[in-house]
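For reference, the chains in residue letters:
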Amino acid sequence: SISTGGGIYSYQIRKLVLIRTIFKKQLSDQGSALWLLNVRKFYLIFCKFEDNLKSMAIFIKNFDVTKIMHCFLSAEYNGGIELEGLGRGIIVINNSVFHKCINSGPNGGALFVIEAQRVMIANSTFTKTGSSRFGGAMCIVSVPYVVVDGCRFIRSKTVYAGGGLY
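Anyway, here's the lowdown on the structure attached to this text.

Conventions and cut-offs
Residues numbered from 1 in each chain as written. Predicted model: local features only at pLDDT ≥ 70, side-chain atom pairs only at ≥ 80, totals over all residues. Heavy atoms only, no water. Phe/Tyr/Trp six-rings, centres within 6.5 Å; stacked < 30°, edge-to-face > 60°. Helix = DSSP H or I, 4+ residues; strand = E, 2+ residues; numbered from the N terminus. Buried < 20%, exposed > 50% of the residue type's maximum accessible area, 1.4 Å probe, protein only. Lys NZ or Arg CZ within 6 Å of the ring centre and 35° of its normal.

1. Considerations on the packing of aromatic side chains
In step 1: Counted by the stated rule, this structure contains four aromatic pairs.
In step 2: For the pair phenylalanine 23 and phenylalanine 49, a centre-to-centre distance of 4.9 Å together with 5° between the ring planes defines the contact as stacked. Of this pair, phenylalanine 23 sits in strand β2 (residues 22-24) while phenylalanine 49 sits in strand β4 (residues 48-50), and the two are 26 residues apart along the sequence.
In step 3: Accessibility expressed as a relative area gives 5% for phenylalanine 23, which makes it buried.
In step 4: Taking the centre distance of 4.8 Å and the plane angle of 0° together, the rings of phenylalanine 98 and phenylalanine 126 count as stacked. Taken as a pair, phenylalanine 98 in strand β9 (residues 97-99) and phenylalanine 126 in strand β13 (residues 125-127) lie far apart in primary sequence, 28 residues in all.
In step 5: Taken together through their ring pairs, the aromatic side chains of Phe98, Phe126 and Phe153 make up a single cluster.
In step 6: The aromatic ring of phenylalanine 72 is capped on one face by lysine 48, whose charged end is 5.8 Å from the ring centroid.

As C-alpha coordinates, this is what we get:
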(Lines give C-alpha, C1' and ligand atoms only; values in the text may rest on other atoms or scores of the structure.)
Protein backbone atom coordinates (compact mmCIF):
# COMPACT_ATOMS: atom_id res chain seq x y z
CA SER A 1 0.00 0.00 0.00
CA ILE A 2 1.32 3.44 -0.88
CA SER A 3 0.32 6.73 0.78
CA THR A 4 -0.83 6.27 4.41
CA GLY A 5 -0.92 3.28 6.77
CA GLY A 6 0.50 0.31 4.84
CA GLY A 7 -0.77 -2.28 7.35
CA ILE A 8 -3.53 -0.46 9.24
CA TYR A 9 -5.09 2.96 8.65
CA SER A 10 -7.44 4.12 11.38
CA TYR A 11 -9.23 7.42 11.93
CA GLN A 12 -11.30 8.35 15.00
CA ILE A 13 -11.45 5.15 16.97
CA ARG A 14 -12.09 4.80 20.71
CA LYS A 15 -9.87 1.82 21.43
CA LEU A 16 -7.57 -0.33 19.31
CA VAL A 17 -5.78 -3.35 20.80
CA LEU A 18 -3.31 -5.43 18.78
CA ILE A 19 -2.00 -8.62 20.40
CA ARG A 20 0.54 -11.06 18.93
CA THR A 21 0.38 -9.35 15.55
CA ILE A 22 3.22 -9.25 12.99
CA PHE A 23 3.80 -6.47 10.46
CA LYS A 24 6.45 -7.34 7.89
CA LYS A 25 7.57 -5.48 4.75
CA GLN A 26 4.75 -2.93 4.84
CA LEU A 27 5.14 0.06 2.51
CA SER A 28 3.63 3.53 2.86
CA ASP A 29 4.62 7.19 2.64
CA GLN A 30 3.55 7.77 6.26
CA GLY A 31 3.16 5.05 8.90
CA SER A 32 4.45 2.11 6.87
CA ALA A 33 2.81 -0.44 9.23
CA LEU A 34 0.32 1.69 11.22
CA TRP A 35 -1.18 5.15 10.74
CA LEU A 36 -3.61 6.25 13.45
CA LEU A 37 -5.32 9.62 13.92
CA ASN A 38 -7.61 10.62 16.81
CA VAL A 39 -7.33 7.36 18.75
CA ARG A 40 -8.37 7.50 22.40
CA LYS A 41 -6.60 4.32 23.57
CA PHE A 42 -4.09 2.23 21.65
CA TYR A 43 -2.37 -0.92 22.95
CA LEU A 44 0.35 -3.03 21.29
CA ILE A 45 1.09 -6.25 23.16
CA PHE A 46 3.58 -8.91 22.02
CA CYS A 47 3.67 -7.45 18.49
CA LYS A 48 6.50 -7.56 15.97
CA PHE A 49 7.44 -5.05 13.27
CA GLU A 50 10.12 -6.02 10.73
CA ASP A 51 11.47 -4.61 7.47
CA ASN A 52 8.80 -1.93 7.12
CA LEU A 53 9.77 0.47 4.35
CA LYS A 54 9.70 4.11 3.28
CA SER A 55 8.47 5.84 6.45
CA MET A 56 8.27 5.51 10.25
CA ALA A 57 6.82 2.06 10.99
CA ILE A 58 4.17 3.53 13.32
CA PHE A 59 2.63 7.02 13.13
CA ILE A 60 0.06 8.11 15.74
CA LYS A 61 -1.36 11.62 16.07
CA ASN A 62 -3.78 12.97 18.69
CA PHE A 63 -4.22 10.23 21.28
CA ASP A 64 -5.07 9.86 24.98
CA VAL A 65 -3.11 6.72 25.88
CA THR A 66 -0.58 4.67 23.90
CA LYS A 67 0.87 1.54 25.53
CA ILE A 68 3.53 -0.61 23.89
CA MET A 69 4.39 -3.74 25.86
CA HIS A 70 6.63 -6.72 25.03
CA CYS A 71 7.08 -5.67 21.39
CA PHE A 72 9.96 -5.97 18.90
CA LEU A 73 10.51 -3.28 16.28
CA SER A 74 13.11 -3.05 13.53
CA ALA A 75 12.81 -0.27 10.94
CA GLU A 76 15.94 0.59 8.97
CA TYR A 77 14.52 3.10 6.50
CA ASN A 78 12.87 5.97 8.38
CA GLY A 79 12.76 4.93 12.00
CA GLY A 80 10.41 3.27 14.41
CA ILE A 81 7.59 5.24 16.01
CA GLU A 82 6.38 8.83 15.70
CA LEU A 83 3.84 9.99 18.29
CA GLU A 84 2.27 13.45 18.15
CA GLY A 85 0.17 14.07 21.25
CA LEU A 86 -0.95 17.64 20.41
CA GLY A 87 -0.40 18.68 24.04
CA ARG A 88 -2.08 15.65 25.56
CA GLY A 89 -1.43 11.95 25.58
CA ILE A 90 0.29 9.46 27.87
CA ILE A 91 2.85 7.06 26.41
CA VAL A 92 3.96 3.90 28.19
CA ILE A 93 6.59 1.60 26.67
CA ASN A 94 7.61 -1.46 28.66
CA ASN A 95 9.77 -4.55 28.04
CA SER A 96 10.23 -3.81 24.34
CA VAL A 97 13.16 -4.08 21.92
CA PHE A 98 14.03 -1.53 19.24
CA HIS A 99 16.71 -2.97 16.94
CA LYS A 100 18.22 -1.30 13.88
CA CYS A 101 15.77 1.59 13.88
CA ILE A 102 17.47 4.11 11.63
CA ASN A 103 15.70 7.36 10.79
CA SER A 104 17.14 8.98 7.67
CA GLY A 105 14.82 11.87 8.52
CA PRO A 106 15.87 14.31 11.21
CA ASN A 107 14.89 13.03 14.67
CA GLY A 108 14.56 9.90 16.80
CA GLY A 109 15.81 6.64 15.33
CA ALA A 110 13.48 4.39 17.34
CA LEU A 111 11.10 6.90 18.91
CA PHE A 112 10.11 10.49 18.10
CA VAL A 113 7.60 12.10 20.49
CA ILE A 114 6.17 15.61 20.09
CA GLU A 115 3.85 17.43 22.53
CA ALA A 116 2.62 14.74 24.90
CA GLN A 117 1.85 15.00 28.63
CA ARG A 118 3.89 12.03 29.83
CA VAL A 119 6.37 9.51 28.49
CA MET A 120 7.32 6.51 30.60
CA ILE A 121 9.76 3.96 29.18
CA ALA A 122 10.93 0.99 31.27
CA ASN A 123 12.99 -2.16 30.86
CA SER A 124 13.43 -1.67 27.11
CA THR A 125 16.48 -2.09 24.87
CA PHE A 126 17.61 0.14 22.01
CA THR A 127 20.36 -1.37 19.82
CA LYS A 128 21.96 0.01 16.65
CA THR A 129 19.56 2.96 16.43
CA GLY A 130 20.32 6.27 14.75
CA SER A 131 19.05 9.50 13.23
CA SER A 132 20.44 12.21 10.99
CA ARG A 133 19.97 15.02 13.55
CA PHE A 134 18.81 14.58 17.15
CA GLY A 135 18.18 11.53 19.35
CA GLY A 136 19.79 8.42 17.93
CA ALA A 137 17.43 6.21 19.93
CA MET A 138 14.80 8.73 21.11
CA CYS A 139 13.93 12.35 20.48
CA ILE A 140 11.32 13.70 22.92
CA VAL A 141 10.19 17.32 22.43
CA SER A 142 7.70 19.44 24.42
CA VAL A 143 6.90 16.78 27.03
CA PRO A 144 6.90 18.01 30.65
CA TYR A 145 7.18 14.57 32.31
CA VAL A 146 9.63 11.92 31.05
CA VAL A 147 10.78 8.79 32.92
CA VAL A 148 13.30 6.33 31.49
CA ASP A 149 13.86 3.43 33.89
CA GLY A 150 16.03 0.34 33.47
CA CYS A 151 16.60 0.80 29.72
CA ARG A 152 19.69 -0.16 27.73
CA PHE A 153 21.13 1.89 24.88
CA ILE A 154 23.65 -0.01 22.74
CA ARG A 155 25.35 1.58 19.72
CA SER A 156 22.90 4.45 19.30
CA LYS A 157 24.24 7.34 17.24
CA THR A 158 23.25 10.64 15.72
CA VAL A 159 24.88 13.47 13.80
CA TYR A 160 24.24 16.38 16.20
CA ALA A 161 23.18 15.56 19.77
CA GLY A 162 21.72 12.88 22.01
CA GLY A 163 22.95 9.50 20.81
CA GLY A 164 20.61 7.76 23.25
CA LEU A 165 18.07 10.44 24.17
CA TYR A 166 17.54 14.04 23.09
